[in-house]
Amino acid sequence: MPELTFGEKLVIARKQLDLYQYQMAERLGVHPNSIVKYERGEGKPHSAVLRMFDLLCEKEGVRFDEYAATDKRGEKMKIVLAEKVSPATLAVFAAEPGWEVLTHDKLPDGLPAALADADALVVRSAVQVDDALMETAPKLRVIGRAGVGVDNIDAEAATRRGIVVMNTPGANAVAVAELTIGLMLALARKLPAANTSMHAGKWEKKNLQGAELKGKTLGILGLGRIGLEVARRARGFGLEIIGSDPFVSAAVARENGILLVSVEDLLARADYLTLHVGLTPQTTGIINAKTLAAMKKGVRIINCARGELVDDAALVEALKSGQVGGTALDVFAEEPPKNSPYAGLDNVILTPHIAGSTGEAQEAVGIQIARQVREYLKLGVVQNAVNLPSLTHEEYVKLSPYIDLASRLGSFLAQAGKGGIEAIEIVYGGVLTDAKTDLVRNSAIAGLLAGSENVNRINAAAVAEERGIRVHEDKQNGHRGGAGTMLAIELHTAGGISHATATVIHGEQPRLLEFDGIDVEAPLEGTLLVCRNLDVPGVIGRIGTILGECGVNIANFALGRDRSGVKPVHALAVVQVDPPVPPAVLEALLTIEALLEVKLVQLS
């Protein structure tokens, strides 16, 4: 039998140990991308990595003798594509060895049955992903929406279940922007009427006099990716462009030739009004009788965003009275619309929600969501999540050590501190003060609550809120112990306050810097004995003696003592040992007269 390659051994070991690629990377001290490459047979691992892997396999009892070297399977993943996607989308998943991909036309027992052991679900807009459907998918980790709107996905239920919901904003921005410009031109030049007239054998040139866009004012409500793409294209027509969006800076607006104004000013000045905002309580029905009356007489309105933005009855009345000169609608509150009030109005253009329906956009959307889902399953990189702030791959790589640090520090406090959490305060320092810290925060909360509930980085904040735990975050420039970047967690509990500070050294090694006011530098990994004692002679020696007598090997011994001046002086020992540590060991340690408390902390 041929000898297994290192990549094949990695796959087998991860299967036996039930580890994800990023977890194996942590065990071996390499970047997750290196694990991906090794498993694909790319790159040569350093001898130190090979040695670490051999030690891991020896320690955990991983065996390879029953596997053939021809087994090229990668990590087992199951992806369910519940709606039709482009071949290029399918190819992204199909390229991953060991991944099972089920398309919409290959679900003989229905979608719930297919999701029973699925890791990922990809949908468009037709499939309703509600809490009941998620109930049938206990392993589901991510839902990908090939498109922007996620109304068909219960994001709140997904958050509770720890499932990431991703969409693809911007992938079809060009397509939507181009249709918007096209509809503006069609309204200005009466193109649908001209086309209908010609097909009817008529020549009604005099009745089809249009208007030029040049010199008119275009009002863009919503300056996201699509709104900005519209502005870039509209500049070429000589339009004056004004826009309104509370989340866009004046600098970005200026760069795109847009004058930022209030919503009221936008509605009052626009000759052409195009809508590109999401649906919120504030934007629902924003085009209504009152706002229509405040607009210029003869304004033309284009809506390629959401049908619910428009009060249909009010707009129909304005179209009939001439207050609105024309409208072009690609979206509707009810799709497909039944008994549309716009039917028969000659100053209305209706299209069946086709703004993003170009071959290029559909392929781009499909490929983008496939890549996002793949990167999350393989590396834990969250992009364009609607229930969790996104990080680029570069941002994730930079923050990854601190995301891990937060989890470890939270777990440390949960095991070594006081129970009954009422509030959590998280303080960031150094590079974390300017970073997107939502994942760091969630990781800390997940570490704190891991012992009592099925909680992860996605649902951590929601779980804390449900449990009435207040979470406060602060960013400070100060730091402790010379650490350039630090993370501190303070727990307010029924038994008092526990506080700990930590950092990352050498880019990957988590270190405890302080616990309950006592400075101590100790590794935040493995098995730790956290001992509180009176600062008197003989305690350290007795701890070492008892551990030796019990056959427990000491890997690291960190000490610190209270410098506040309070008497008697208390001290702290954080002892890293090789497992296992039976309960009898803790009982033996507590026979030390000056030892006040000892707690066993297990960190992965």
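Residues numbered from 1 in each chain as written. Predicted model: local features only at pLDDT ≥ 70, side-chain atom pairs only at ≥ 80, totals over all residues. Heavy atoms only, no water.

1. Concerning the overall build of the protein chain
Note the following rule: By definition, any uninterrupted DSSP run of H or I lasting at least four residues is a helix, any uninterrupted run of E lasting at least two residues is a strand, and each is numbered from the N terminus. Any pair of residues with heavy atoms lying within 4.5 Å of one another is described as a contacting pair. Two residue types count as positive, namely Lys and Arg, and two as negative, namely Asp and Glu; His and chain ends fall outside the count. To locate a charge, the coordinates of NZ of Lys, CZ of Arg, CG of Asp or CD of Glu are taken.
A tally of helices and strands in the protein chain yields 21 helices and 22 strands. By its C-alpha atoms, the protein chain is 105 × 65 × 40 Å across when sized along the principal axes. Taking the contacts inside the protein chain whose residues are at least 6 apart along the sequence as the reference set, 64% of them involve residues at least 24 apart. Computing the positive centroid from 62 side-chain charges and the negative centroid from 73, the protein chain places the two 6 Å apart.

2. Focus on the packing of aromatic side chains
In plain terms, the rule: Stacked, tilted and edge-to-face are the three classes assigned to paired rings of Phe, Tyr and Trp, where Trp is represented by its six-membered ring and a pair needs centres within 6.5 Å; plane angles under 30 degrees give stacked, over 60 edge-to-face, the rest tilted. Buried residues are those whose accessible area, probed at 1.4 Å on protein chains only, stays under 20% of the maximum for their type, while exposed residues exceed 50% and partly exposed ones sit between those limits. We count a charge as sitting over a ring when the NZ of a lysine or the CZ of an arginine lies within 6 Å of the ring centre and within 35 degrees of the ring normal.
Scanning all chains against the criterion turns up 4 aromatic pairs. For the pair F6 and F53, a centre-to-centre distance of 5.2 Å together with 85° between the ring planes defines the contact as edge-to-face. Taken as a pair, F6 in helix α1 (residues 6-17) and F53 in helix α4 (residues 47-60) lie far apart in primary sequence, 47 residues in all. There is no split in this pair, since F6 and F53 are both buried. Across the ring face of Y428, the terminal group of K475 is positioned such that the distance to the ring centre comes to 5.9 Å.

3. What to know about a nonpolar patch on the surface
Let me state the cut-off plainly: Residues form patches when they are more than 30% accessible in relative terms and have no salt bridge. Like charges link within 9 Å. Nonpolar side chains (Val, Leu, Ile, Met, Phe, Trp, Tyr) link within 5 Å. Note on areas: these come from Shrake-Rupley sampling with a 1.4 Å probe, and a residue is covered only by the protein chains present in the view. The term salt bridge refers to a side-chain nitrogen of Lys or Arg lying within 4 Å of a carboxyl oxygen of Asp or Glu.
Together, L185, L191 and F237 give the surface a local cluster of nonpolar side chains, amounting to about 230 Å² of exposed area. Following the sequence through the fold, L191 ends up in helix α10 (residues 191-199).

4. Here we look at the sheet that holds strand β17 (residues 509-515)
Defined as follows: Two strands pair if DSSP finds at least two bridges between them. Here an angle of 0 to 180 degrees is reported between the N-to-C directions of two axes, which are lines fitted to C-alpha atoms, with helices fitted over the stretch in contact.
Within the open sheet, the 6 strands sit side by side as β14-β13-β15-β16-β17-β18. Their pairing is mixed. Every other strand in the sheet has two partners, leaving β14 (470-476) and β18 (518-523) as the edge strands with one partner each. Neighbour-to-neighbour, the strand axes of the sheet open up by a mean angle of 20°, direction not taken into account. When strand β13 (residues 421-429) meets β14, the two strands line up parallel, connected through 7 bridges. Bridge pairing in β14 links Y428 to K475. Each of β13, β14 and β15 (487-493) is contacted by helix α18 (residues 438-449), which is oriented at about 140° to β13, the strand it contacts most.

5. Brief notes about the nonpolar core
Generally speaking, nonpolar side chains in soluble globular proteins are found buried as a group. Applicable threshold: Definition of nonpolar core: a set of buried residues of the types Ala, Val, Leu, Ile, Met, Phe, Trp, Tyr and Cys, connected through side-chain atoms within 4.5 Å.
I79, F412, L487, L512 and F515 are the most contacted members of the largest nonpolar core, which totals 73 residues. No other element matches helix α17 (residues 393-416), which puts 10 residues into this core. Contacts of F515, omitting those with residues within four sequence positions, involve F412, L413, A416, G417, H499, A500, V520, V530, R532 and L572. Grouped together as the second largest cluster of nonpolar side chains are 29 residues, I286, V299, L319 and Y342 included.

6. Brief notes about the packing of helix α9 (residues 173-189) against helix α11 (residues 225-234)
The condition is simple: By the definition adopted for this analysis, an angle is roughly parallel if under 35 degrees, roughly antiparallel if over 145, roughly perpendicular if from 65 to 115, and oblique otherwise. A clockwise turn of the near helix away from the far one marks a right-handed crossing, whereas an anticlockwise turn of less than a right angle marks a left-handed crossing. Any residue outside Ala, Val, Leu, Ile, Met, Phe, Trp, Tyr, Cys, Pro, Asp, Glu, Lys and Arg is labelled polar, Gly included; the first ten of those are nonpolar and the last four are charged.
Interhelical geometry of α9 versus α11 gives an angle of 50° and a closest axis separation of 8 Å. By the criterion of interaxial angle, the relationship of α9 to α11 is oblique. Viewed along their axes, α9 and α11 form a crossing whose handedness is right-handed. For the pair α9 and α11, contact is made by A173, V174, V176, A177, E178, T180 and I181 and by R225, I226, E229, V230, R233 and A234, respectively. For the contact of α9 with α11, the per-class residue count stands at 8 nonpolar, 1 polar and 4 charged.

7. Section: the pairing of β18
Note: β17 against β18, 4 bridges, orientation antiparallel. Residue pairing for β18: F515 is matched across the bridge by I518. From the end of β17 to the start of β18, which pair antiparallel, there are 2 residues, and D516 there has a positive phi angle of about 50°.

8. A few points about the sheet that holds strand β6 (residues 217-221)
Strand order in this open sheet of 7 strands is β8-β7-β6-β9-β10-β11-β12, and the pairing throughout is parallel. Each of the sheet's edge strands pairs with one partner strand only, and the pair in question is β8 (259-260) and β12 (348-350). Two strands pair when backbone bridges link them, and strand β9 (residues 272-275) and strand β10 (residues 299-303) are joined in this way by 4 bridges, in the parallel orientation. For L273, the partnering residue across the bridge sits in β10 and is I301.

9. Digging into the environment of A584
Along the chain, the position of A584 falls in helix α21 (residues 583-589). Counting along the chain gives 34 residues from A584 to C550, while the straight-line C-alpha distance between them is 8.6 Å.

10. Some details on the side chain of N172
With respect to the secondary-structure elements, N172 resides in the loop between β5 (164-166) and α9. Residue classification places N172 among the buried residues on the basis of a relative accessible area of 14%. Setting aside residues no more than four positions away along its own chain, N172 makes contact with V148, G356, A361 and V365.

11. Observations concerning helix α5 (residues 87-94)
Test applied: As used here, the arc belongs to the directions running from the helix axis to the C-beta atoms.
Within the span of α5, buried status applies to T89, V92 and F93. Looking straight down α5, one finds that the buried residues subtend no more than 90° of arc, so they occupy a single side. The exposed residues of α5 that point more than 90 degrees off its buried face are P87 and A94. Turning to α5, the residues buried within the fold contact β1 (77-81), β2 (99-102), β3 (120-123) and α16 (359-379).

12. Thoughts on the pattern of salt bridges
A complete count under the given rule lists 22 salt bridges for this structure. With a shortest N-O distance of 3.7 Å, E100 and K76 are connected by a salt bridge. Of this pair, E100 sits in strand β2 while K76 sits in the loop between α4 and β1, and the two are 24 residues apart along the sequence. Relative accessible area serves as the criterion here: at 28%, E100 is assigned to the partly exposed category. For E308, the salt bridge is made with R306, and the minimal N-O distance between the two is 3.5 Å. Residues joined in a network through salt bridges with shared partners are D131, E135, E156, R160 and R161.

13. Quick word on the environment of A155
Secondary-structure assignment places A155 in helix α8 (residues 155-160). When the C-alpha atoms of A155 and R511 are compared, they prove to be 36 Å apart, with 356 residues separating the residues in sequence. Residues within four places of A155 in sequence aside, it is in contact with V165, V386 and N387.

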